[in-house]
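An overview of the molecular structure
Each chain, letter by letter, is given below.
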Amino acid sequence: MAARTDLFQSPDYYQLDELLTDEHKLIRETVRSYVKKEITPIIEQYAQRAEFPQQIVRQMGELGCFGPTVPQEYGGGGLDYISYGLMMQELERGDSGVRSTASVQGSLVMFPIYAYGSEEQKQKYLPKLAGGEWLGCFGLTEPDHGSDPAGMLTNFKDAGDHVVLNGAKMWISNAPFAQVAVVWAKDEQGEVRGIIVERGMEGFTTPTTHDKWSLRASATGELVFDNVKVPKENILPGVKGLKGPLSCLTKARYGIAWGALGAAMDCYDTALRYAKERVQFGKPIAGFQLQQKKLAEMITEITKGQLLVWRLGVLMNDNRATPAQVSMAKRNSCELAAQIARDARQVLGGMGITGEYSIMRHMMNLESVITYEGTHDVHLLITGMDITGINAFK
């Protein structure tokens, strides 16, 4: 398959660039250029083969896409949350799996070590993760406990200078290639604790999840712990309870809210360009009412989504954003992106299902994005609980 020429132009119907600083725009352009040069030419073939492009880990580390909000002293970028959002938007414009790799590394591995780790843990792990020398993963979801993590069975028991960890985690991005896993498990008192598990510890295995129709260019696997001896200094000292993993997910969901918009933008841009070039019944199909309706609705939803995530970024920078606000944005972006992908596929007709265009790959990827880190319905009920004060989960 010949590499496509990446002609992507970012839609900005409401001149939202005026809300961004010059630094924001430079960061966006840097990541966009990287995606055009390194991701677009290869990603279709990797997705078709269901293979993870391992070289991107070092590339994204060097670019500063891992832990951009973590302070520079630990190898992070020391950037604000709008910068982080723009990075995720551009990476997911390339592929949701690429953005997943960065989201997991920054929000789910580096953030908990930075926020809840000891100084020794920060010095040991963060620079290697930030630079892409090490890849990390986040172990929360279990085979029988997805939306209800409080039911987790993974646990560890005290054994002197170390603990013994047992259990299993499922649907873990980066697992097959990760050197480090931040795992959430219950101690002997039943308290959820974070614990850093390293590849090579005896009894720790990461079987790959095969036969996925979605996120095919992203590595997914399990984490299996069979009497794994973990030094006590690997326990995160700064947090107990579900607050730990849930605070990480809030950061990652924020990135997804921006990221899914990137996928939507790519589908819209592709459909608009195709509709102007494809001639049927003597004129470009962009001249027909039903195609204009699809395109007009796409740009409307993207513009609304852009305003939502920008405002959320301002609140994140001020440390005023609530988890429920993040849930709303994550859910909204995923829903509009999935719908835009479907409509864009129809604009392209039969060509929409081929690997010559990115739309079908985005559509399949978004089926995962709409479900992971809180399903579509769970995020709806988080908003419901927030506005009514009544918990529908119990």
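The structure under discussion appears in the preceding block.
Residues numbered from 1 in each chain as written. Predicted model: local features only at pLDDT ≥ 70, side-chain atom pairs only at ≥ 80, totals over all residues. Heavy atoms only, no water.

**What about the overall build of the chain?**
What the chain contains, in helices and strands, is 10 helices and 9 strands. Against the 2.2 N^0.38 benchmark of 21 Å for 394 residues, the chain shows a C-alpha radius of gyration of 21 Å, consistent with a compact globule. If you line up the chain on its principal axes, its C-alpha atoms span 80 × 50 × 40 Å. Expressed as a percentage of its 394 residues, the buried residues of the chain come to 55%. Accessible area of the chain: about 17,100 Å², with a carbon and sulfur share of 52%. Where the 41 positive side-chain charges of the chain centre and where its 46 negative ones centre are 3 Å apart. (Helix = DSSP H or I, 4+ residues; strand = E, 2+ residues; numbered from the N terminus. Rg over C-alpha atoms; globule rule 2.2 N^0.38 Å. Buried < 20%, exposed > 50% of the residue type's maximum accessible area, 1.4 Å probe, protein only. Areas by Shrake-Rupley, 256 points an atom, 1.4 Å probe, with all protein chains shown as cover. Lys, Arg positive; Asp, Glu negative; His and termini not counted. Charge placed at Lys NZ, Arg CZ, Asp CG, Glu CD.)

**Observations concerning the packing of aromatic side chains**
Within the structure shown, the criterion is met by 13 aromatic pairs. Pairing Y13 with Y14 gives two aromatic rings, centres 6.5 Å apart and planes at 25 degrees, and the pair type is stacked. Judged by centre distance (6.5 Å) and plane angle (85 degrees), the ring pair of Y81 and Y84 falls under edge-to-face. Within this pair, Y81 and its partner Y84 are both found in helix α3 (residues 81–94), separated by 3 residues, close to a single helical turn. Overall, the relative accessible area of 3% leaves Y84 in the buried class. An aromatic cluster of three or more residues is present, and its members are Y81, Y84, Y254 and W258. Above the ring of Y46, the side-chain terminus of R49 is found at 4.8 Å from the ring centroid. (Phe/Tyr/Trp six-rings, centres within 6.5 Å; stacked < 30°, edge-to-face > 60°. Lys NZ or Arg CZ within 6 Å of the ring centre and 35° of its normal.)

**Digging into the environment of S327**
Tracing the sequence through the fold places S327 in helix α8 (residues 323–347). We classify S327 as buried; its relative accessible area is 1%. Each C-alpha atom, one on S327 and one on H379, is 5.4 Å from the other, the two residues being 52 residues apart in sequence.

**Regarding the nonpolar core**
Grouped together as the largest cluster of nonpolar side chains are 97 residues, with contacts concentrated most on M60, L91, I113, W184, Y254 and M298. At 17 residues, helix α6 (residues 243–277) tops the list of elements feeding residues into this core. Beyond its immediate chain neighbours, meaning those up to four positions away, L91 contacts V31, Y34, V35, M60, C65, V98, R99 and A102. Ranked by size, the runner-up nonpolar core spans 19 residues in total, among them A178, A181, A185 and V230. (Core = buried A, V, L, I, M, F, W, Y, C linked by side-chain atoms within 4.5 Å. Contact = heavy atoms within 4.5 Å.)

**Quick notes on the pattern of salt bridges**
Evaluated as defined, the whole model comprises 18 salt bridges. For E198, the salt bridge is made with K124, and the minimal N-O distance between the two is 2.9 Å. Taken together, the residues E198 in strand β5 (residues 192–198) and K124 in helix α5 (residues 119–130) connect sequence positions 74 residues apart. Classification of E198 by relative accessible area gives buried; the value is 18%. Note that R273 is salt-bridged to D269, the shortest N-O span being 2.9 Å. Of the two residues, R273 and D269 both sit in helix α6, 4 residues apart, roughly one turn of that helix. The exposure class of D269 is buried, given its relative accessible area of 8%. Shared partners join several salt bridges into a network, and the residues in it are D6, R93 and D266. (Salt bridge = Lys/Arg side-chain N within 4 Å of Asp/Glu carboxyl O.)

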